[in-house]
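Inside the fold
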Protein chains: 2
Amino acid sequence: MSIRFDPDGGRPREVRVPAGATLFDAASWNGIAVDSTCGGHGTCKKCRMRVVEGDVPVSRLDPRAFSPDELRAGWRLACRARAGQDLRVEVPPLVTRPKAATVGVGRQVILRPAVQKRCVTLPEPTLSDQRTDVERLRDALPDLELRVDLPAIRGLARALRSGDDTGDHPVTAVVVDDVLVDVEPGDTTGRLFGIAFDLGTTTVVATLLDLATGTPVAVASLLNPQQPYGADVITRISATMMDPDALGRLTALAHDGLDQLVGEVCADGGVDRREVYEIALAGNATMVHLALGLSPEPLGVAPFVMASRSFDDLVAADLGVVVHPRARAYVFPALGAYVGGDIVAGALASGMDRDRRIRLFVDIGTNCEILLAAGDRLLATAAPAGPAFEGAAIRCGMRAAPGAVEGVKISDEDVLLQVIGDVAPVGLAGSGLVDAVAAMVAAGLVDASGRLIAPDAPSVPPGLAARLRQVGQERVFVLAFLDDEPTDDPTRWLYLSQRDIRELQFAKAAIATGWMLLLEEQGLTAADVAQVLLAGSFGSYLSPTSAVRIGLVPDVALLRIVSAGNVAGEGAKMALLSLRERAAAQALLEEVHYVELSDRADFNDRFVERLTFP
Amino acid sequence: MSIRFDPDGGRPREVRVPAGATLFDAASWNGIAVDSTCGGHGTCKKCRMRVVEGDVPVSRLDPRAFSPDELRAGWRLACRARAGQDLRVEVPPLVTRPKAATVGVGRQVILRPAVQKRCVTLPEPTLSDQRTDVERLRDALPDLELRVDLPAIRGLARALRSGDDTGDHPVTAVVVDDVLVDVEPGDTTGRLFGIAFDLGTTTVVATLLDLATGTPVAVASLLNPQQPYGADVITRISATMMDPDALGRLTALAHDGLDQLVGEVCADGGVDRREVYEIALAGNATMVHLALGLSPEPLGVAPFVMASRSFDDLVAADLGVVVHPRARAYVFPALGAYVGGDIVAGALASGMDRDRRIRLFVDIGTNCEILLAAGDRLLATAAPAGPAFEGAAIRCGMRAAPGAVEGVKISDEDVLLQVIGDVAPVGLAGSGLVDAVAAMVAAGLVDASGRLIAPDAPSVPPGLAARLRQVGQERVFVLAFLDDEPTDDPTRWLYLSQRDIRELQFAKAAIATGWMLLLEEQGLTAADVAQVLLAGSFGSYLSPTSAVRIGLVPDVALLRIVSAGNVAGEGAKMALLSLRERAAAQALLEEVHYVELSDRADFNDRFVERLTFP
């Protein structure tokens, strides 16, 4: 159907939508501002529009929002008006000035949390007004169509009779979407909180948000308490396959970790746990399955099948956190077993759904998730990069922690190391590994095939020859002598071995094959890429120059390579602050086409091509 | 809006409905048969209709049910098609031959339970088919739009991987409305049960129903275990006001009683508790509040306010019964604090919503509920009859149990008693009380004002004079000498005292005032009443002749006075068997106008008029 929107004072916009789409969605999808505080749930009655050409039938809710004259004049609630023919629609100016918060990659999020609080004073019943407690509340909130269940009825009865028997009894209704979750005595509208979780395999972060203002109140993080069961998802999945009790324990550990963070942020922010009415969580598919007590076994073996992409109707208790007993939980849906909700959250925070340039989103880790946005198309895949970037499988490798080398520069004379915490170097972090190899390629110490050259090769700068050594039968390059002076004792060297370079080659080739295949799928080449977003903490430290030099990312202008930071956590915050952002995440899920690499006949050919250095 | 339905092979019908009503509702309200197995929930896609004049926009579901050509030809799903203008609609012939069961007062109920089971065999996932468990199930049930929550996902994952690893895995989806509540391994479609409860103040009855066939499988009953807290609702409410622990104990007693009956009917019917997927319950407002753990205190004091009329989204566990852990509970909504869900259920089973003649529905008890149906109007009230009909406050009164006199005939010579169990008389049941007084009025032993005449009055038949005695200062009439021969020992008499007759007068006057005021409210008189339905077990024993004679019911032809039996329990069964009947109960609730007697200035005048015998 074709709809022409005439916004008051704005320029007309003609859009095409499928039959049956609501005017609210049609406007929202196309960036036309619509008044609404309920996010299109039919409760706020603010999304008024006037159909001036074509016809939209009167919905059940319309007579509550409009007079018969207005209905005849074409006024309809946009969220209930479905397009069944071509229409022309007038959009009135915004009445409510929406509050907004800035989160994600400079994303302005208009506050529209699922939770709202409304304070009302109910009249005392009399013999001529025998309305039930629930009816009196409903009548006091005529703009909401509340679903009221048993615990809410209990809370309402208690709140109404909690004060003394004289005078008015103000009570505050707590509403999530259209469900009345509680009724609190007095006016508590100023206290409305939510917690956003980034449940990473390594680190768990919680942010307490004031949902009335969008302000972060407190942040806390801890190492994922599941670490004893393995550093990565595969070892944790294996644990559940070998030990029937492991699933229960891993679930309990996840719950403990999340709940500990709840305690910390609530204490820090001066917020009672019962004032937290919703939580949002982004995590990869394995972390989410474990946290929800679902066996991750099918994720660990081909054909890599999830129990579900999305989880509806969750409560906070399903994730083991003690907040308001009726608090709901929003968990980001996943695209695939290896492109999880954390990536969807990251894509949301990075605006992959809105910025329609050709963009690559790369989250580097043991499993590397890659998204390609190209116009209206979104492609996703996962590349098995292995643990090289996390310091594992690298002889002198270590996590990004104090003492880890995160940057390496090599001149003809010397090697300059940048060390986390400005202390003596202890090991090599992932970003240091990439820098080191890139610098060695540039210095001619490593050839295009990845082979460390011999110390006596003519191209070796004289100042560096002494660093080309052997450990056992293997050629190595010494990045630093730990005692500040060259020794012959390899245990006092910080070095990169031929095998380490091979590990890096395998890892970067897997990733590069991933984005190459996505680009090919769209008929694009690396030169077409307008922006590369590097997500996750590793992405923040990686040198764009080095990443390009080793072929980890496409060879584009350096300014086009952007570190996006912890976008999964930002996405979780956005979901908590706005139902529209959740709808956008859901839309992402439906738009993205997932490309399974392990199924492709051309994967190995492409992989081998990508092993070399450009 | 005006809608003209053209049923295939039937006569056209022109109906008027409010704007926004669905074609499904419009047809159902007007008795036009529509194919549907989901009861209008948009899941079965069977309610196909063709709009041939006027326009109805394409709904979100229509493209799943119809081809583009069909959509252009006007085909729509009736349950999603809202009338926004005058329409002409073709209704195709019924495809599915609906199953039906006979319940209630000869009511034919078309089986459409909220619960359905569907057996599907899901294909094994492969690398080219990585659909999640949930997606595979959804795709196998394309006619349902399932809501799938965490426990269902857990059940699905388990059921899919429960068998050996070779061959197909048939699983059975259990769906309540549109919610997937469980997935069972194998084909369990033949096992589908529900339990209907009649939670009376005195007696609790449970009926186990096979929801696939509508057959009752087992019935059990017990005395309400709350009896120690009082025989009637007022004493139980008082108990909660005096003792803060009483509410919790009364709730626990209700739960224990209901769950004990579940155990009995399941054992009796050879049904596992987990095969019971839904329960329905009818009870008065106090019983329902107590069973749900809600304080009944506001019901016991003016202005008699309920916490809520209706209770949505209840699960069986809320009523303390252990059946399938996700089983839902339907509790009949109440009209008022003293016209509860039991009366709504009874009205449903009696067809008060459909039979449009002028009918009175009278449920006699300590609290007497009265409904008047007159054309499109439904009026309700409650009359405080007191406990006379239950044998309390009557000197020789007793419950209807073996030994209780349930019928009395008085000739000039003798008194003939009908005794429950054909044993020697022990006391007087409510129906015996009514019979006795009616017979005494007819025999001239009691005058119109209710006074027992003197033994030496000229009108006393000689054969009965010896029965007019004194107990203390009070005149009495001896119905039976318990030792079979006249003695002077009052403890060996079964008698009716002057005070007993006064109790009965008060009780019947309260009831008669109730129906009189309802008739007056509608501008009707007793002569207009086409039928009097006597509900409840007391109604089954009451002699219509005697009830008319004392003025308890309107003076209509005896054939028009019908004992309706335990209609509350029948209503609960109907609700369990059919979503449409639930919708009808809800509609009743919205149609009925409640008349509060204690608020009326003319109540006392009318009451005094009604004290005398006609």
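Just so you know, these numbers come straight off a predicted model, no measurement behind them. (Residues numbered from 1 in each chain as written. Chains lettered and ligands numbered in written order. Predicted model: local features only at pLDDT ≥ 70, side-chain atom pairs only at ≥ 80, totals over all residues.)

Digging into the overall build of chain A
Along chain A, the regular secondary structure elements total 17 helices and 29 strands. On the principal axes, the C-alpha backbone points of chain A span a range of 105 × 55 × 40 Å. For chain A, the residues scored as buried account for 51% of the 614 residues in total. Sequence separation of at least 24 residues holds for 67% of the intrachain contacts in chain A that already meet a minimum separation of 6. (Helix = DSSP H or I, 4+ residues; strand = E, 2+ residues; numbered from the N terminus. Buried ≥ 20, exposed ≤ 12 C-beta atoms within 10 Å, placed from the backbone. Contact = placed C-beta atoms within 7 Å.)

Observations regarding the relation of the copies chain A and chain B
Of the two same-sequence chains, chain A is brought onto chain B (RMSD 0.3 Å, axial shift 0.0 Å) by a rotation of 180°. On the angle and the small slide along the axis, the relation comes out as a two-fold axis. Closest approach to the rotation axis among the C-alpha atoms of chain A is made by proline 57 of chain A, whose C-alpha sits 3.7 Å away. Take the interface residues of chain A: 100% of them recur as interface residues in chain B, which is what a same-surface contact looks like. (Least-squares fit on C-alpha atoms with pLDDT ≥ 70 in both.)

Section: the interface of chain A and chain B
Taken together, the contact between chain A and chain B spans 47 residues of the former and 47 residues of the latter. Of all the secondary structure elements, the ones that give two or more residues to the side of chain A that touches chain B are α4 (133-140), β9 (147-148), α5 (150-160) and β16 (311-315) of chain A. For the side of chain A that touches chain B, the per-class residue count stands at 21 nonpolar, 12 polar and 14 charged. (Nonpolar A, V, L, I, M, F, W, Y, C, P; charged D, E, K, R; others polar.)

Overview of the sheet that holds strand β13 (residues 203-210) of chain B
Residue and element names in this part refer to chain B. Taken together, the 6 strands give an open sheet; going across it, the order is β14-β13-β12-β15-β17-β16, and neighbouring strands pair in mixed fashion. Among the strands making up the open sheet, the edge pair consists of β14 (215-223) and β16 (311-315). With direction set aside, neighbouring strand axes in the sheet form an average angle of 20°. Pairing analysis gives 4 bridges linking strand β15 (residues 276-283) to strand β17 (residues 328-331), with the strands arranged parallel. Note on β17: the bridge partner recorded for glutamate 278 is arginine 328. Sheet strands in contact with helix α7 (residues 246-269) are β12 (193-199), β13 and β14, and its direction is about 140° off that of β14. In this fold helix α10 (residues 341-349) packs onto β15 and β17, with an angle of close to 100° to the strand it touches most, β15. (Pairing = 2+ DSSP bridges. Axes fitted to C-alpha atoms, helices over the stretch in contact; angles between N-to-C directions.)

Observations regarding the domain arrangement of chain A
Residue and element names in this part refer to chain A. Split by domain assignment, chain A resolves into domain 1 (2-91), domain 2 (115-185), domain 3 (194-331) and domain 4 (351-614). Each of domain 2 and domain 3 has a C-alpha centre, and these two points are 33 Å apart. Counting residues at the interface gives 6 residues for domain 2, matched by 7 residues for domain 3. Secondary-structure elements contributing two or more residues to the side of domain 2 that touches domain 3 are β10 (170-176) and β11 (179-185). The residue makeup of the side of domain 2 that touches domain 3, split by class, is 5 nonpolar, no polar and 1 charged. (Domains from an automatic or database assignment.)

A look at the pairing of β12 of chain B
All names here are of chain B. Among the 7 residues that make up β12, 7 are buried, leaving the element largely enclosed by the rest of the structure. Both faces of β12 are covered, namely the face carrying Phe193, Ile195, Phe197 and Leu199 and the face carrying Gly194, Ala196 and Asp198. Sheet analysis places β12 next to β13, joined by 7 bridges and oriented antiparallel. Within the sheet, the bridge partner assigned to isoleucine 195 lies in β13 and is leucine 208. Hairpin connection, β12 to β13: the antiparallel pair is bridged by 3 residues. Pairing of β12 with β15 involves 7 bridges; the strand directions are parallel. Bridging from a neighbouring strand, isoleucine 195 pairs with isoleucine 279 of β15.

Here's the deal with the sheet that holds strand β2 (residues 13-16) of chain A
Neighbouring strands of a sheet are bound in pairs by backbone hydrogen bonds; such pairs are parallel or else antiparallel. All names here are of chain A. Taken together, the 5 strands give an open sheet; going across it, the order is β2-β1-β5-β3-β4, and neighbouring strands pair in mixed fashion. The outermost strands of the open sheet, each flanked by one partner alone, are β2 and β4 (75-77). Across this sheet, the average inter-strand angle for adjacent strands is 35°, counted without regard to direction. Bridge count between strand β1 (residues 2-7) and strand β5 (residues 87-91): 5 bridges; the pairing is parallel. When the bridges of β5 are listed, arginine 4 appears paired with arginine 88.

Considering the confidence of the model for chain A
Looking at chain A as a whole, its pLDDT mean stands at 89, while 95% of the residues score no less than 70. Taken over the whole predicted complex, pTM reads 0.80, whereas the ipTM for its chain interfaces reads 0.80. (pLDDT = per-residue confidence, 0-100.)

What to know about the environment of proline 461 of chain B
Residues and elements named next belong to chain B. Topologically, proline 461 is positioned in the loop between α11 (430-442) and β24 (468-471). C-alpha separation for the pair proline 461 and valine 91, spaced 370 residues apart in sequence, amounts to 71 Å. With residues near it in sequence (within four places) discarded, proline 461 still touches Asp412 and Ala443.

Some details on the nonpolar core
Ile279 and Val362 of chain A together with Ile279 and Val362 of chain B are the most contacted members of the largest nonpolar core, which has 354 residues in total. If we skip the residues at most four places from it in the chain, valine 362 of chain A touches Cys368, Ile370, Ile511, Trp515, Val532, Leu533, Leu534, Ala535 and Val553 of chain A. (Core = buried A, V, L, I, M, F, W, Y, C linked by C-beta atoms within 7 Å.)

Some points on the packing of helix α10 (residues 341-349) of chain A against helix α16 (residues 579-591) of chain A
Residues and elements named next belong to chain A. It is the contact of α10 with α16, at a shortest axis distance of 10 Å, that shows an interaxial angle of 115°. The handedness of the crossing between α10 and α16 is right-handed. Between α10, through Val344, Ala347 and Leu348, and α16, the contact on the second element is made entirely by Glu581, Ala584, Ala585, Leu588 and Leu589. Tallied by class, the residues present in the contact of α10 with α16 amount to 7 nonpolar, no polar and 1 charged. (Left-handed = near helix turned anticlockwise from the far one by under 90°.)

With respect to the packing of helix α15 (residues 567-577) of chain A against α16 of chain A
Residue and element names in this part refer to chain A. Across the interface, α15 lies against α16 with an axial gap of 5 Å and an inter-helix angle of 125°. Classified by the angle between their axes, α15 and α16 sit oblique to one another. Of α16, the residues touching α15 (which contributes Met574, Ala575 and Leu577) are Glu581, Arg582 and Ala585. Counted by class, the contact of α15 with α16 contains 4 nonpolar, no polar and 2 charged residues. (Parallel < 35°, antiparallel > 145°, perpendicular 65-115°, else oblique.)

Here we look at α15 of chain A
Along α15 of chain A, 11 of the 11 residues are buried, which leaves the element largely enclosed by surrounding structure. Of the positions making up α15 of chain A, those classed as buried are Val567, Ala568, Gly569, Glu570, Gly571, Ala572, Lys573, Met574, Ala575, Leu576 and Leu577 of chain A.

Points about the environment of arginine 354 of chain A
Residue and element names in this part refer to chain A. Relative to the assigned elements, arginine 354 resides in the loop between α10 and β18 (359-363). Given 11 C-beta atoms within a 10 Å radius, arginine 354 is considered exposed. Residues arginine 354 and valine 34, 320 residues apart in the sequence, show an inter-C-alpha distance of 18 Å.

What about the pairing of β14 of chain B?
Residue and element names in this part refer to chain B. As paired elements, β13 and β14 share 8 bridges and run antiparallel to each other. Bridge pairing in β14 links valine 205 to serine 221. In this structure, the hairpin formed by β13 and β14 is closed by a connection of 4 residues, where glycine 214 is found at a positive phi of approximately 85°.

Focus: unusual backbone geometry
Residues and elements named next belong to chain A. Of the consecutive residues alanine 302 and proline 303, the connecting peptide bond is found in the cis state with omega at 5°. The residue proline 303 is located in the loop between α9 (297-300) and β16 in this model. Of note in this structure, aspartate 177 is not a glycine but carries a positive phi near 55°.

A word on α11 of chain B
Residues and elements named next belong to chain B. Across its 13 residues, α11 extends 18 Å between first and last C-alpha, which sits within 8% of the 18 Å expected from 1.5 Å per residue. Turning to α11, its buried residues are Gly430, Ser431, Gly432, Leu433, Val434, Asp435, Ala436, Val437, Ala438, Ala439, Met440 and Val441. Looking one or two residues beyond α11, the residue adopting positive phi is glycine 444, at roughly 80°. (Expected span 1.5 Å × (residues − 1).)

Structural notes on the environment of cysteine 368 of chain A
Residue and element names in this part refer to chain A. On the secondary structure map, cysteine 368 appears in strand β19 (residues 367-374). Overall, cysteine 368 belongs to the buried group, with 26 C-beta atoms counted inside 10 Å. In this structure cysteine 368 touches Val362, Asp363, Ala382, Ala383, Ala385, Ala510, Ile511 and Gly514, once residues within four positions along its chain are discounted.

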